[in-house]
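Each chain is listed here by its residues.
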Amino acid sequence: MTGTDQAAGQVKLFCRNLWKVYGPEPHQFFSGERGARQRGDRAELIRRIRAADHIAAACDVSFDVHEGEIFVIMGLSGSGKSTVIRCLSRLVEPTAGQVVFDGQDLLKASSKELIDLRRHKMGMVFQNFGLLPHLTVLDNVAFPLKVQGVAREERVKRAMEIIDLVGLEGREASFPRELSGGQQQRVGIARSLAVEPEIWLLDEPFSALDPLIRRQMQDEFLRLQRLLHKTIVFITHDFLEALRLADRIAIMKDGEIVQLGTPAQVVMEPADDYVTEFTHDVPRAKVLMVRNVLEPAADGLDTSDAVAETMNLEEVLPHVAGRIDPLPVTDANGRLVGQVTPHAVLNALAGKQRRKG
Amino acid sequence: MIATNAVSALESAFHRRNYDPSLAVWLVTGVAVVALFALRGQYDWVTKLPEELVIPLEAWLNAFMDLFVASFKWLFRAISGLLEWPMNGLQALLHWLPWPATIAGSVVVAHLAGGWRLAVFTLCTLMYMVIVGYWDESMNTLALVGMAVPLSVAVGLFAGILDFSYRPAKSVIQPTLDLMQTVPAFAYLIPVLLLFGFGPVVGLVAATLYACPPMVRNVSLGLQRVPVDIVESAKMSGCTDRQLLWWVRLPAAMPTIMIGVNQTIMCALSMVIIAAIIGGFGDIGWEVLSTMRRAQFGQSLLAGLVIVLIAMNFDRISRGLTSRQRVSQARTGTLWQRHAHLWVALVAIMVAVALAQVLPELHDYPKAWIFYPAAVVNDAVTWFTANYFFATSAIKSWTLFYFLLPIRIGLENSVTPHFWGFALNLWISLGYAAAVAGLALWVDRATSWRGAVAVLITGGLFYFGTTGTPWAVFILVVTVTAFRVGGWRVGVFALGGLCFMLFTGIWERAMLSVYLCGTAVLIAFLAGGLLGIWAARNDRVSAFLRPINDTLQTIPLYVFLIPIIMVFLVGEFSALLAVIAYAIVPAIRYTEHGIRHVPAETVEAARAMGCTPRQLLWQVQLPLALPEIMLGLNQTIMLGLAMLVIAALVGTLGLGQMIYIALTAADFGKGAVAGLGIALIAMITDRILQSWSARKKVELGLA
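Peer 1: Please set out helix α12 (residues 284-293) of chain B residue by residue, giving values where relevant.
Peer 2: Helical geometry: 3.6 residues make up each α-helical turn, so side chains three or four residues apart lie on a common side. All names here are of chain B. Counting buried positions along α12 yields eight of ten residues, so the element is predominantly enclosed. For α12, the complete set of buried residues consists of I284, G285, W286, E287, V288, L289, T291 and M292. Two residues or fewer after α12 comes A295, characterised by a positive phi angle close to 60°.

Peer 1: If you had to explain the sheet that holds strand β3 (residues 70-75) of chain A to someone new, which residues and values would you point to?
Peer 2: Residues and elements named next belong to chain A. As summarised here, the arrangement of the six strands in space is β6-β7-β8-β3-β9-β10, forming an open sheet in which the pairing is mixed. At either end of the open sheet lies a strand with only one pairing partner, and these are β6 (122-125) and β10 (256-261). On average, each strand axis in the sheet is tilted by 15° relative to the strand beside it, whichever way the strands run. Where β3 and strand β8 (residues 231-236) come together, five bridges link them in parallel fashion. Its bridge partner being in β8, M74 is matched across the sheet by T236. Contacts from helix α6 (residues 181-193) reach β6 and β7 (199-203), with the element oriented near 170° to β6.

Peer 1: Go over the environment of B:S22 with me, naming the residues and quoting the values.
Peer 2: For B:S22, the position within the fold is in helix α2 (residues 21-39). In this structure the C-alpha to C-alpha distance between B:S22 and B:R484, which are 462 residues apart in sequence, comes to 7.6 Å.

Peer 1: Let's hear about the sheet that holds strand β1 (residues 11-22) of chain A: which residues, and what values?
Peer 2: Residue and element names in this part refer to chain A. Taken together, the four strands give an open sheet; going across it, the order is β2-β1-β4-β5, and neighbouring strands pair in antiparallel fashion. Each edge of the open sheet carries a strand with a single partner, namely β2 (55-66) and β5 (104-105). Pairing of strand β4 (residues 96-101) with β5, which is carried by two bridges, proceeds in the antiparallel orientation. In the strand pairing of β5, F101 is matched with Q104. Relative to the sheet, helix α1 (residues 42-51) contacts β1 and β2, its axis offset from that of β2 by approximately 145°. Across the face of the sheet, helix α2 (residues 81-88) comes into contact with β1, β2 and β4 while running at roughly 120° to β1.

Peer 1: Could you give an account of the packing of helix α21 (residues 471-503) of chain B against helix α29 (residues 668-699) of chain B, naming the residues involved and the relevant values?
Peer 2: All names here are of chain B. The contact between α21 and α29 brings their axes to 9 Å, and the two run at 175°. One element, α21, and the other, α29, form an angle in the roughly antiparallel class. On the side of α21, the interface is formed by T481, A482, V485, G486, V490, F493, A494, G497, F500 and M501, while α29 contributes G677, L680, M683, I684, R687, I688, S691 and W692. For the contact of α21 with α29, the residue count by class is twelve nonpolar, five polar and one charged.

Peer 1: Break down the interface of chain B and chain A for me, with residues and values.
Peer 2: Counting residues at the interface gives 19 residues for chain B, matched by 24 residues for chain A. Residue assignment for the side of chain B that touches chain A shows that the elements contributing at least two residues are α9 (228-236) and α10 (241-252) of chain B. Of the residues forming the side of chain B that touches chain A, the biggest block, six residues, is contributed by α9(B). Of the residues in the side of chain B that touches chain A, the class split is eight nonpolar, six polar and five charged.

Peer 1: Which residues make up the domain arrangement of chain A, and what values do they have?
Peer 2: All names here are of chain A. Taken domain by domain, chain A consists of domain 1 (65-89 + 104-283) and domain 2 (285-350). Inter-centroid distance (C-alpha atoms) of domain 1 to domain 2 is 35 Å. On the domain 2 side, the residues contacting the seven residues of domain 1 number seven residues. Top element by residues in the side of domain 1 that touches domain 2 is helix α9 (residues 263-268). It accounts for four residues. Looking at the side of domain 1 that touches domain 2, its residues break down into seven nonpolar, no polar and no charged.

Peer 1: Pulling in residues and values, what's your account of the confidence of the model for chain B?
Peer 2: Overall, the prediction assigns chain B a mean pLDDT of 85, with 95% of residues at 70 or greater. Both confidence scores are given for the complex: pTM 0.83, ipTM 0.83.

Peer 1: Break down the packing of helix α4 (residues 137-148) of chain A against helix α5 (residues 152-165) of chain A for me, citing the residues and quoting the values.
Peer 2: All names here are of chain A. Running from amino to carboxyl end, α4 crosses α5 at an angle of 120°, the nearest separation of the two axes being 9 Å. In terms of orientation, α4 and α5 fall into the oblique class. As α4 packs across α5, the resulting crossing turns out to be right-handed. Residue-level contacts link V137, L138, V141, A142, L145 and K146 of α4 to R155, V156, R158, A159, I162 and I163 of α5. When grouped by side-chain class, the residues that make up the contact of α4 with α5 number nine nonpolar, no polar and three charged.

About the thresholds
- Residues numbered from 1 in each chain as written.
- Chains lettered and ligands numbered in written order.
- Predicted model: local features only at pLDDT ≥ 70, side-chain atom pairs only at ≥ 80, totals over all residues.
- Buried ≥ 20, exposed ≤ 12 C-beta atoms within 10 Å, placed from the backbone.
- Helix = DSSP H or I, 4+ residues; strand = E, 2+ residues; numbered from the N terminus.
- Pairing = 2+ DSSP bridges.
- Axes fitted to C-alpha atoms, helices over the stretch in contact; angles between N-to-C directions.
- Contact = placed C-beta atoms within 7 Å.
- Parallel < 35°, antiparallel > 145°, perpendicular 65-115°, else oblique.
- Nonpolar A, V, L, I, M, F, W, Y, C, P; charged D, E, K, R; others polar.
- Domains from an automatic or database assignment.
- pLDDT = per-residue confidence, 0-100.
- Left-handed = near helix turned anticlockwise from the far one by under 90°.

If you want it as structure tokens, here you go:
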């Protein structure tokens, strides 16, 4: 269930067998057997937890986030995605499991170490912005620096740089209620970036915005990421948003991860009916790329009019239209990496699933 | 009789519906009630608890208080001495400042708070105080409030933060607040009097204590309601707990906290005025009280108006100042532009002070210029009473004989040939029973058996009277109601509270209070409800009522009594009117709010189905607004009880009178027991109505 495409970066953050159980005595289910618990008995444990009238918000969640990667956790409300991202920053105390950030076990960090980590290495953006209503845009963005004890002059200077970066110059003296939703979230983004965090956590940052603004903010987000190369965990309930932004996606349901993979893997090889349901409305021609339908190049392939592996299927359609024989595919350096057949393109567009051999 | 009623209503319920287990509880209760009524002829204890069972709690409390005062008097006297210093200082400052300076300063603040309209209002009202010659008294009152409010705010802030952040503290603070907000104002004064001795400091301490609870509640509530996103974002910024509280939670909770400050100011003023009852020191409350006692209505009306105007100024200015929203331009501009109001005020005050050195009239408003039209008012009152006495006394006696008396001693004892033209015989009683039963049946058809039970209880109460109903019946019915509505906790609380009243020997007085307050609340609730419905359906009525409601709610309690006793003289009827006038506001407000906030889609859906306005009101809006309206009833009862105690001044029986007597005799035990009695009546009703409303809201999907 692990995506293999993005093995490039170092693992920056990982969690293993993360559980969050709500109820009067959540620890009873893990005492003694913590760590020794086998993978197979997850379903049995969930059953026991629910039978005891406890709520299992996150069940045995494990994933790696690589350096510079956008890792999206997608799920509907109540699927446990918000719980998971809060466990990563310990806004919520996990009941069991392990969260390791840069080799440090977060769950063993003292509250002082935790405050230090949050002050210097983590940034988080919230669905309803979480801006301080009594502070101006400038003071909001500078707030994390103020908390650290950075001198006023220095923090104003740094806050102004970030305000420029997110395109809010001229609004720094405004109060949050004087801004539109999109602008408020820009402030939230600026604030989360003020301390130059190593890991950037975004909890449904665009869900409270209108569709048009949401689209703009997604572009803005991608632009910032191209500049900053942060390691990102991004939460959303919007499958298309997940496909658009993610390097890898984890799909959650009832507290469990049901599938983890690249957008193309999720669309082309949905793990179960639940995921398949989401893929029905996906504009496949835009999401799928040539590399997703790549076949090994046949001998004696005509290497003229090659297509790039990063083209999406919509772009490649004119090239395959009216052809029967395969097209050559090249990578960014123009090297031949394989071929694409019109048949494969049509199959992919039609949503015929390619079972992994 | 009740038995036949109950059985017939219950039978119909059984026939038409599935068996409802809670009906069985009421059936058993009904049988028990009938049994108790049957027993009351044979056994005295059913109607009156034997003397030897009464616990001498008053004496115990007095003994305890004596001991406490003896051991800690020095401490409280020391605090008293400590508080006297700044208070005398503030008083001296306000007297030293020439009146034009104080007015100029106030007007500038009013402008800052509410623009030109409020500034003009403040100017006119303060000039009134100067012209009628109540300036010095007003400044004495202001000095007391000015001292009490910062103390209250500081204590309230501390306790509110403690309540929010430290769980064990919550379990102490919350019940204390409940008690403090239901114990009548008079009852506060007795222990303070014993501990701090006579003098203005008593008023100060009492006002500080009395004004604390709204601050504590609002601080705690504000802190709880800070959006979780804000708290989480602050945590992720790396806030320590202390930074989180002072930099994030408190500022974000500020709007709610500021509402608390406004309420604190109003409470402090109210208590400062009431504190005059233990002896004045030249403040405006004393002026009202002493003239009222001498039946100088003109004088007390003029002074009472001063209190009303002070209250309105305090309310509007504090609300204006606290609800001002900071705007982004605040940072730009020069020092002058940013603090224009401050500079104007400073300059105006300095000019006034300087001028006052030259012109003594500006320092002390000359006696010769005072315009004091008390005689005119008195003449008008005399003329009115001389010419319309027949009308007022007719209203008074009609209400007394046909409404108040039956509720107090029951139709059973009040229907005599002298007033009613006929004597109560078996046939008339049976006719009454049949009428009640018929009504109960109709209600049962139209709504549910619960309504029928309510009709039966009310009918029985009217027949036997609050004082004629045996204590055992009263306790049984209230406890069962509390238990059915709010679960066993509320049931046990109601039982305990009622037993307290029974065994401390205040039962009869408590029933007198229940009767007078209940009657007034009933009228206030019906009248207020009608006004509320009208206001909800008519924007102009709403706009007309709003300032009146605002004003009624800011007026300190006993100013209400002045115009009423001017017309109706002292007595139970005047007390009734005073309670109605004070308690009617929440009935209006909550009804209007409830109806106006019925979900718009529901109303539209009903319109689309072709509801007439009447159907819309009765079948959609009122049922959905009912939980909110019940909260209004709850508030009406709370205010009614508060006013009831003050109304003891014009001669009522019951617990209010008991507290008043205790106050004049400095009898702590008596005052505490009676005060607790009132508080318990309030809390029991509050718990029952709140749980009912909360449950109903859930049922209707509104919560």
